[in-house]
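Okay, here's what each chain looks like letter by letter:
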Amino acid sequence: RSSGEDAQKRCQELTHDVRRSASANEELSATLQTLKGTNQRLIDEVERQTQEMGALVRQRLLDVEELSRLREDYEKEQATWEQEAKRNEEAERQQCEDRFERAQGRRLAQLDRCGRRARAAA
């Protein structure tokens, strides 16, 4: 009898251990499913951020190219302004020289006339 009771008690203990293990297994299984879901969400977020970073990098490259083009355009425009300023300066200098020479010619002619009149009056 004691042997049967021991076997029954042992059986009950094993049944209890199996149920406890099954419960723990279910809990672990639920935790695993939760972790899989969390992992998938993280993977999706990493993929989204990777795509966003790719778009930002592409935009940055386009911006760098645009900045380079704008800088080149500005340098060309600045060179054109400098050339135009030099041409305008040269044209103005030439006009000033021409006016000066004409004025000088008139003054020399007046001086010459005055000199002739002074000699004629003397």
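Note that the structure is predicted; figures quoted are calculated from it, not measured.

S.K.: Which residues make up the overall build of the chain, and what values go with them?
M.R.: Regarding its fold elements, the chain presents 1 helix and 0 strands. Its C-alpha radius of gyration of 51 Å places the chain more than 25% over the 14 Å reference for a compact globule of 122 residues. Its C-alpha atoms give the chain principal-axis dimensions of about 175 × 20 × 10 Å. Scored against the burial criterion, the 122 residues of the chain give a buried share of 0%.

S.K.: I'd love a proper account of the packing of aromatic side chains, names of residues and values included.
M.R.: Any two aromatic rings considered together are summarised by their centre-to-centre distance and by the angle between their planes. One pass over the full model with this rule turns up 1 aromatic pair. Centre to centre, the rings of Tyr74 and Trp81 are 6.4 Å apart; their planes meet at 85°, and the pair counts as edge-to-face. Under the relative-accessibility criterion, Trp81 is labelled partly exposed at 47%.

S.K.: Could you give me a rundown of the pattern of salt bridges, with the residues and numbers involved?
M.R.: All chains considered together, the criterion is met by 11 salt bridges. Residue Arg69 pairs with Asp73 through a salt bridge whose shortest N-O separation is 2.6 Å. Of the two residues, Arg69 and Asp73 are both situated in helix H1 (residues 2–121); the distance of 4 residues between them amounts to about one turn of the helix. Residue Arg69 is classed as partly exposed on the basis of its relative accessible area of 39%. With a relative accessible area of 32%, Asp73 lands in the partly exposed category.

S.K.: Just give me the short version of the environment of Asp63, but keep the residues and values in it.
M.R.: By the secondary structure assignment, Asp63 is in helix H1. Taking relative accessible area as the criterion, Asp63 reaches 40% and is therefore assigned partly exposed. Measuring from C-alpha to C-alpha, the distance between Asp63 and Cys114 comes to 74 Å, with 51 residues separating the pair along the chain.

About the cut-offs
Sequence order as written defines the numbering, with residues in each chain counted from 1. In keeping with the model being predicted, local features are shown solely for residues with a pLDDT of at least 70 and side-chain atom pairs are shown and tallied solely at 80 or more, while totals for entire chains, interfaces and linings include all residues. Hydrogen atoms and water are omitted, and side-chain values are computed over all heavy atoms in the structure. To qualify as a helix, a DSSP run of H or I must reach at least 4 residues; to qualify as a strand, a run of E must reach at least 2; elements of each kind are numbered from the N terminus. In this treatment the radius of gyration is a C-alpha quantity, and the globule benchmark scales as 2.2 Å times the residue count to the 0.38 power. Buried means the residue's accessible area, taken with a 1.4 Å probe over protein chains only, is under 20% of the maximum for its type, while exposed means over 50%, and partly exposed covers the values in between. Put simply, two rings from Phe, Tyr or Trp (the six-membered ring, in Trp's case) pair if the centres are within 6.5 Å, and we call them stacked under 30 degrees between planes, edge-to-face over 60, tilted for the rest. Counted as salt bridges are all cases of a side-chain nitrogen of Lys or Arg within 4 Å of a carboxyl oxygen of Asp or Glu.

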